[in-house]
Amino acid sequence: MKIALEQAAQMVADAQTVILTSHIRPDGDSIGSTLGLMHYLREQGKDARVLIDDEIPRIFRVLPGIEQIERPAEGTRYTADLLIVCDVELKRTGAVLDAVDAVRVLNIDHHVTNDEAAEYLYLNPDYAATCEIMHDLVHVMGGSFSLDAATCFYTGMATDTGFFRFSNTTPHTMRAAADLIEIGVKPNIIAVAMELKSYDEVMAQVRAIKNLEMFYDGRVAAVFIDEERAKEVTTTEGLLDALRVIEGTQVVFFMKWLEQDTYRVSMRSKGTNVSRIAQGFGGGGHIRAAGCTLHGSFDEAKKTILEAIGEELNR
């Protein structure tokens, strides 16, 4: 059931024990929205914690309290008045849903592909990031931002907008970011931290780009990472940012081996609706950034995703 932001704020205000979670393969918005709201709720005297069923990328160690994010322990039961699922629909939270006994579950998201299965859902696809929603949620609750919360929320907005370069950046996004900067957030520190890569990560990206292929008269750039290549390309962090600058491209993506006959696809576009492509394979995301999982042999998966992208380009 979709609810208004004021109703979501009341649910949060009424809860004393709160668990926050987000999607596997966490990014800046998922981490920023959960961790930032955790800080705010604790400052209000509530018992709040973050559970994410995946490893946290090391670039986010710049965020205050990052070490307090927990991964659900096997066999452990967690109880709460309220479980808040941020930046994703419920089914993509890994083991968290099964591990948590919550009186109520609230889903807060900005992805237009949200399946709306949550009992209570606040969805605003006009916002660039879930952290942008959190900015408004705190205001509706009559609260103010500590520097810790502001830093987390700013990071989510910055990363989901390509540091305010992507088309999802709106005047409201910029005003919300300015609010957080006035509190003391240092954009330069966040930007440097998000761009940081180890030597091994840089070399992994170099090896990946060496396998670059172009399709559809240069409108599509892709990197395909099969099982053998995956041994060398241990990270794809920043890969799509490197590809999307290629002149003439409309869609850039990579397809990486995860396990036997299973491949992860991540896409970015300059106009094409890649969320529609991802939804066709049970995935989701934004119009300009989306992902999905494909099953089958390497050749089958490669053919399938290329055909789907071609169909969308020709709509």
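Predicted model, so just to flag it, every value in this text is computed and none were measured. (Residues numbered from 1 in each chain as written. Predicted model: local features only at pLDDT ≥ 70, side-chain atom pairs only at ≥ 80, totals over all residues. Heavy atoms only, no water.)

A. Local environment of the sheet that holds strand 1 (residues 17-21). Taken together, five strands build an open sheet; the order of strands is 2-1-3-4-5 and the sheet is parallel. Every other strand in the sheet has two partners, leaving strand 2 (47-50) and strand 5 (120-123) as the edge strands with one partner each. For this sheet, the mean inter-axis angle between neighbouring strands, taken without regard to orientation, is 25°. One ladder, built from eight bridges, connects strand 3 (residues 78-86) with strand 4 (residues 100-109); its direction is parallel. Across the sheet, the residue bridging to Ile84 is Leu106, located in strand 4. Of the strands in this sheet, strand 1, strand 2 and strand 3 touch helix 2 (residues 28-43), which is tilted by about 165° from strand 2. (Pairing = 2+ DSSP bridges. Helix = DSSP H or I, 4+ residues; strand = E, 2+ residues; numbered from the N terminus. Axes fitted to C-alpha atoms, helices over the stretch in contact; angles between N-to-C directions. Contact = heavy atoms within 4.5 Å.)

B. Layout of the environment of Ala129. Within the fold, Ala129 resides in the loop between strand 5 and helix 4 (130-140). Owing to a relative accessible area of 0%, Ala129 belongs among the buried residues under this scheme. A C-alpha to C-alpha distance of 9.3 Å links Ala129 and Thr169, two positions 40 residues apart in sequence. (Buried < 20%, exposed > 50% of the residue type's maximum accessible area, 1.4 Å probe, protein only.)

C. Looking closely at the packing of helix 1 (residues 5-14) against helix 4. For the pair helix 1 and helix 4, the least separation of the axes is 9 Å and the interaxial angle reads 70°. On the basis of their axis angle, the class for helix 1 and helix 4 is roughly perpendicular. Handedness of the crossing formed by helix 1 with helix 4: right-handed. For the pair formed by helix 1 and helix 4, the contact residues are Leu5, Glu6, Ala8 and Ala9 on the first element and Ile133, Asp136, Leu137 and Val140 on the second. Here the contact of helix 1 with helix 4 is composed, by residue class, of six nonpolar, no polar and two charged. (Parallel < 35°, antiparallel > 145°, perpendicular 65-115°, else oblique. Left-handed = near helix turned anticlockwise from the far one by under 90°. Nonpolar A, V, L, I, M, F, W, Y, C, P; charged D, E, K, R; others polar.)

D. Expanded view of the sheet that holds strand 6 (residues 212-215). Across the sheet, six strands lie side by side as 6-7-8-9-11-10; this open sheet has mixed pairing. Of all the strands in the sheet, just strand 6 and strand 10 (284-285) have a single pairing partner and so form its edges. Two elements, strand 9 (residues 262-269) and strand 11 (residues 289-295), share seven bridges in a ladder whose sense is antiparallel. In the sheet register, Thr262 faces strand 11, and the bridge partner there is His295. Where helix 12 (residues 298-313) meets the sheet, its contacts fall on strand 6, strand 7 (220-225), strand 8 (251-259), strand 9 and strand 11, and the angle it forms with strand 8 comes to roughly 155°.

E. Molecular detail of the packing of helix 4 against helix 6 (residues 171-183). Here helix 4 crosses helix 6 at 65°, and the two axes come no closer than 10 Å. The hand of the helix 4/helix 6 crossing is left-handed. Between helix 4, through Glu132, His135, Asp136 and His139, and helix 6, the contact on the second element is made entirely by His172, Thr173, Ala176, Asp179 and Leu180. By residue class, the composition of the contact of helix 4 with helix 6 is two nonpolar, four polar and three charged.

F. Representation of the pairing of strand 3. With seven of its nine residues buried, strand 3 lies for the most part within the structure. With four bridges connecting them, strand 1 and strand 3 associate as parallel partners. What sits directly across from Leu20, in strand 3, is Ile84.

G. Representation of the side chain of Asn114. Note that Asn114 resides in the loop between strand 4 and strand 5. You can call Asn114 buried: its relative accessible area is 6%. Within the structure, Asn114 has its side chain in polar contact with the backbone nitrogen of Glu116 (distance 2.7 Å). In this structure Asn114 touches Val88, Glu89, Asn107, Asp109, Leu121 and Leu123, once residues within four positions along its chain are discounted. (Polar contact = N/O pair within 3.5 Å; in protein donor to acceptor, adjacent residues only side chain to side chain.)

H. Inspection of the environment of Val223 at higher detail. On the secondary structure map, Val223 appears in strand 7. Overall, Val223 belongs to the buried group, its relative accessible area being 0%. Note: C-alpha distance between Val223 and Asn211 (twelve residues apart in sequence) is 5.9 Å. Residues in contact with Val223, not counting those within four places in the same chain, are Ala208, Asn211, Leu212, Leu239, Leu243, Phe253, Phe254 and Met255.

I. Quick look at the packing of aromatic side chains. Enumeration over the complete set of coordinates arrives at six aromatic pairs. Between the aromatic rings of Phe145 and Phe153, the centroid separation amounts to 6.1 Å while the plane-to-plane angle is 85°, which identifies the pairing as edge-to-face. Across this residue pair, the class does not change: Phe145 and Phe153 are buried. For the ring pair Phe215 and Phe224, a centre distance of 6.1 Å and an interplane angle of 90° mean the geometry is edge-to-face. Residue classification places Phe224 among the buried positions, given a relative accessible area of 0%. In this structure an aromatic cluster arises from ring pairing among Phe215, Phe224, Phe253, Tyr263 and Phe298. (Phe/Tyr/Trp six-rings, centres within 6.5 Å; stacked < 30°, edge-to-face > 60°.)

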